[in-house]
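# A structural walkthrough
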Amino acid sequence: MVTFPNAKINLGLSITGKLHTGYHSIESCLYPVPWCDVLEFVPGKKISFSSSGIAIPGDEKDNLVLKAYKLLHKDFGLPELNVCLHKIIPMGAGLGGGSADAAFMLKMLNSEFQLFLDDSVLEDYAAQLGSDCPFFIQNKPAIATGTGTDLEVFNLDLSGMWMLLIKPEVHISTQEAYANVRPKPNAVDLKSLLESKDFALWREKLVNDFETSIFPKHSILGEIKEALYQNGAVYAAMSGSGSTLFGLYTQKPEVTPVFEKHTYKLIEL
């Protein structure tokens with residue numbers, strides 16, 4: 001069985017508080033983007049995992065795809081499988097690629113072995129794997145709150161637009177991302193702002209709070225964002241805690257040498 005886990009971007013990301021658990025609460029719109037990995041499994045004599053494409057650091061047994069399998073295997077006694085992941089979505093990029101792989105694994109197992117788990121149950125399993133994972137179960141635009149696992153599907157359609165995603169060789173750890181963030185209530189009504197599709201207003205008010213703390217340390221990120229605007233983007237921002245920047249365009253943009261020296265993807269939505 002083969003599937004194609006896709007990336008996501010954040011449209012606005014407000015750090016709204018810090019919970020007693022030590023985690024932060026957020027408000028953000030997650031939007032699916034067709035930049036995809038390839039995930040496959042076939043029957044095996046024992047559970048195994050292999051990967052190709054972009055090299056995945058760390059021990060293979062710690063991969064989220066295997067953890068997703070083990071979650072359902074524990075409760076449903078699934079058969080042994082050979083699992084293969086071809087990695088295309090950049091990692092540590094704010095695009096949710098690893099989370100997508102795990103969530104799609106849950107959905108594949110549910111379908112292939114007729115577990116008949118509805119989306120809410122799959123989201124509960126996914127939440128055990130990471131805060132971005134539940135989003136990819138329904139894989140529709142959604143407002144995420146709490147730690148990112150509380151989701152409200154939101155009717156936002158950007159089809160017909162173009163998106164240019166730029167991933168520089170910058171790694172931002174979670175610790176670094178949150179180091180200088182000062183939680184505060186979101187100053188805007190996120191749903192109303194998004195529904196307006198007033199891109200001039202988006203540029204002014206649709207903010208990723210991580211940019212304030214991260215851009216001063218990594219000047220290339222601010223430079224890429226400005227280059228996206230100079231290239232004709234109607235809106236540009238960093239996704240998640242970075243380091244991918246994206247620009248939205250009303251027509252197909254030119255990919256200039258400024259962008260070509262980084263990992264990039266041009267997509268029609």
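Structure first, text after, so check above.
Here the residue numbers are simple positions, counted from 1 along each chain's written sequence. The predicted origin of the model limits local features to residues at a pLDDT of at least 70 and limits the giving and counting of side-chain atom pairs to 80 or more, whereas totals for whole chains, interfaces and linings rest on all residues. With hydrogens and water set aside, each side-chain value is computed from the structure's full complement of heavy atoms.

So, on to the packing of aromatic side chains. Only centres within 6.5 Å qualify two rings of Phe, Tyr or Trp (six-membered ring in Trp) as a pair; their planes then separate them into stacked at under 30 degrees, edge-to-face at over 60, and tilted for everything else. With the rule as written, the count across this model stands at 6 aromatic pairs. On the numbers, 4.9 Å between centres and 80° between planes, the contact of Phe199 with Trp202 is edge-to-face. You can see Phe199 and its partner Trp202 sitting in helix H7 (residues 199-205), 3 residues apart, about one turn around the helix. Of the two residues, Phe199 and Trp202, neither departs from the other in class, the shared state being buried. In this description a helix means any DSSP run of H or I spanning at least four residues, a strand means any run of E spanning at least two, and both kinds are numbered starting from the N terminus. Relative accessibility thresholds used throughout: buried, under 20% of the residue-type maximum; exposed, over 50%; partly exposed, between the two (1.4 Å probe, protein chains only).

So, about the environment of Val181. Along the polypeptide, Val181 turns up in the loop between helix H5 (174-179) and helix H6 (190-196). Whether two residues are in contact is decided by their heavy atoms, any of which lying within 4.5 Å being enough. Among residues more than four places away in sequence, those in contact with Val181 are Ile15, Phe210 and Ser213.

Quick look at the environment of Gly12 now. Take Gly12: it is sitting in strand E2 (residues 6-18). In this structure Gly12 comes out as buried when scored by relative accessible area, which is 6%. Between the alpha carbons of Gly12 and Lys205 there is a distance of 8.6 Å; along the sequence they are 193 residues apart.

So, about the pairing of strand E5 (residues 48-53). Here a strand pair is declared whenever DSSP counts at least two bridges between the two strands. In terms of strand pairing, E5 meets strand E6 (residues 81-87) through 6 bridges, oriented parallel. Opposite Ser48, over in E6, you have Asn82 as the bridge partner. Handedness of the crossover joining E5 and E6 through helix H1 (residues 64-76): left-handed. Note on handedness: a clockwise path from strand one over the helix to strand two, with the strands aimed away from the viewer, defines a right-handed crossover.

Moving on, we get to the pattern of salt bridges. Salt bridge, as used here: a side-chain nitrogen of Lys or Arg that lies within 4 Å of a carboxyl oxygen of Asp or Glu. Inspection of every chain in the model, using the stated rule, returns 8 salt bridges. The partner of Asp59 in a salt bridge is Lys61, and the shortest N-O contact between them spans 2.8 Å. In this structure, Lys87 engages Asp101 in a salt bridge whose closest nitrogen and oxygen atoms are separated by 2.9 Å. Taken as a pair, Lys87 in strand E6 and Asp101 in helix H2 (residues 97-112) lie far apart in primary sequence, 14 residues in all. The pair Lys87 / Asp101 is uniform in exposure class, with both members buried. Salt bridges sharing partners connect three or more residues here, namely Asp37, Lys87 and Asp101.

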